[in-house]
Amino acid sequence: DVFVRGKIDRVDIKDNYYRVIDYKSSDRSVDFNDLFSGMSLQLPAYIYAYKNANPSLIPSDAAYFQFSRPVLEYENLSKEKILQKHEQKLSGEYKTKGMKMEPDELSLTGEYGKKVIQNAAGEILSGRFPVNPKMYSNNKLPCEYCDYNCICGFEQKNDNIIIPERLPEIID
C-alpha cells in the first residue's frame, strides 16, 4: 500500500456539492494536457480524496486561487478613484481558475488521478524510476522545481526528455 499525503487549502460546500480550492502564490490555470499526462495531479487527487472521505457529497469544481499582495498607487487620487481602482484590481486578479467540468466528469478525473498515482507508485516500488523527465506544456523542465536536480545526474541537453502525448482536439 502507498499513502499519499496532502492538504486541501479550502473546501466550499453548498447543498450536497463541494468545491476544492488550492491556493497558489503565482498565477496558475488548469492545464488539461498536463493533467492527462500525469504532470499535474493535485486537483484530481483532492477531488478523489474528498469524495472518498465524503461519499454523500458531489464535486462541483476544483480550482486554483492566486494569493498575492497587490501593489496599488494612490498618489493624487480622490477617495472615489482609490476605491474604484482597488475594486478593478481585486476583481481582475482575485478569482478562481477552475476545471469547469460536470460532476461526473470531475469524479472520473479524480479516479484517473488515483490510477496515475497508483501506477507511478507501482513503478517506483518495483525499482523502475529512470531519470527521464517530462517536458511541461510551457516548455519548462520539472528540473527547475526539483529538490534533487543537483544529484540525479540528468543533464538538460540529454535526449531522455519525454514530451507527453497531448489530448485530442475536440470539435463541436
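Caption draft 1: Just the sheet that holds strand β3 (residues 58–66), in detail. On the basis of which strands lie adjacent, the open sheet formed by four strands has the order β1-β2-β3-β4 and mixed pairing. On the outer flanks of this sheet lie β1 (10–14) and β4 (96–98), each paired with one strand and no other. On average, each strand axis in the sheet is inclined to that of its neighbour by 30°, with strand direction left out of account. Both strand β2 (residues 17–24) and β3 contribute to a ladder of eight bridges, which runs parallel. Looking across to β3, one finds that lysine 24 is bridged to glutamine 66. Taken strand by strand, helix α2 (residues 42–53) contacts β1, β2 and β3, and its axis lies near 140° from that of β2.

Caption draft 2: Structural context of unusual backbone geometry. Its identity is not glycine, yet aspartate 15 carries a phi of approximately 55°, on the positive side. Note that aspartate 15 resides in the loop between β1 and β2. Phi is positive for lysine 100, close to 50°, though the residue is something other than glycine. Note that lysine 100 resides in the loop between β4 and α4 (103–125).

Caption draft 3: Just the pattern of salt bridges, in detail. Tallying each qualifying case throughout the model produces four salt bridges. Residue lysine 24 is joined to aspartate 22 by a salt bridge in which the shortest nitrogen-to-oxygen separation is 2.9 Å. Residue lysine 24 is classed as buried on the basis of its relative accessible area of 18%. Glutamate 123 is the partner of arginine 128 in a salt bridge, and the nearest nitrogen-oxygen pair spans 2.9 Å. The class for arginine 128 is partly exposed, based on a relative accessible area of 45%. A cluster of three or more residues bridged by salt bridges with shared partners is formed by Arg10, Asp12 and Arg19.

What counts and what doesn't
Residues numbered from 1 in each chain as written. Predicted model: local features only at pLDDT ≥ 70, side-chain atom pairs only at ≥ 80, totals over all residues. Heavy atoms only, no water. Pairing = 2+ DSSP bridges. Helix = DSSP H or I, 4+ residues; strand = E, 2+ residues; numbered from the N terminus. Axes fitted to C-alpha atoms, helices over the stretch in contact; angles between N-to-C directions. Contact = heavy atoms within 4.5 Å. Salt bridge = Lys/Arg side-chain N within 4 Å of Asp/Glu carboxyl O. Buried < 20%, exposed > 50% of the residue type's maximum accessible area, 1.4 Å probe, protein only.

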